[in-house]
Amino acid sequence: MADPGFENGWMVPDHDYQSHSGATAAHGPTQVVYKKGGASGKLVATETITYDGNNNIATRSIDWDSSIFM
């Protein structure tokens, strides 16, 4: 289910762990992974962030893992 956060005010499903990757000295992370149950727990959502040439956020999406609805 893509971008349900749009309807939910950019909410992220209940989680207790997040990891960040893709950050540089000029900008923040390009991906944030959210899990329930710690680092090896169940994936609940992935946030993807892109940056423009000035290192400002250009796009942001939060994709909820479809299995959390089952």
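In this text the structure is predicted, and so the values were computed from the model without any measurement. (Residues numbered from 1 in each chain as written. Predicted model: local features only at pLDDT ≥ 70, side-chain atom pairs only at ≥ 80, totals over all residues. Heavy atoms only, no water.)

Undergrad: Where do I start with the sheet that holds strand β1 (residues 17-21) in this structure?
TA: Strands pair in a sheet through their backbones, by hydrogen bonds, and they do so in one of two ways: parallel or antiparallel. The sheet built from 4 strands is open, its strands ordered β1-β2-β3-β4 with antiparallel pairing. What marks the edges here is a single partner per strand, and that holds for β1 and β4 (57-64). Strand-to-strand twist in this sheet, taken as the mean axis angle between neighbours without regard to direction, amounts to 15°. Relative to strand β2 (residues 31-36), β1 runs antiparallel, the two being bridged by 5 bridges. (Pairing = 2+ DSSP bridges. Helix = DSSP H or I, 4+ residues; strand = E, 2+ residues; numbered from the N terminus. Axes fitted to C-alpha atoms, helices over the stretch in contact; angles between N-to-C directions.)

Undergrad: Mind showing me how you'd approach the pattern of salt bridges here?
TA: A side chain of one charge can pair with a side chain of the opposite charge when the charged atoms of the two come close. Tallied over the full model, the rule gives 2 salt bridges. Here Lys36 makes a salt bridge to Asp14, at a shortest N to O gap of 2.7 Å. Of this pair, Lys36 sits in strand β2 while Asp14 sits in the segment before β1; the two residues are 22 residues apart in sequence, bridging distant segments of the chain. Of the charged contacts, one joins Glu47 and Arg60 as a salt bridge, the two residues approaching to 2.4 Å between their closest N and O atoms. Linking Glu47 in strand β3 (residues 42-51) with Arg60 in strand β4, this pair joins segments that are 13 residues apart in sequence. Residue class for Glu47 comes out buried when judged on its relative accessible area of 6%. By relative accessible area, which is 34% here, Arg60 ends up partly exposed. (Salt bridge = Lys/Arg side-chain N within 4 Å of Asp/Glu carboxyl O. Buried < 20%, exposed > 50% of the residue type's maximum accessible area, 1.4 Å probe, protein only.)

Undergrad: Please clarify how the nonpolar core should be interpreted in this entry.
TA: Inside soluble globular proteins, nonpolar side chains tend to come together where they are buried. In this structure, Val32, Tyr34, Val44, Ala45, Ile49, Ile62 and Trp64 together form the largest nonpolar core, which totals 7 residues. Those elements that place two or more of their residues in this core are β2, β3 and β4. Of all the elements, β3 adds the most residues to this core, at 3 residues. (Core = buried A, V, L, I, M, F, W, Y, C linked by side-chain atoms within 4.5 Å.)

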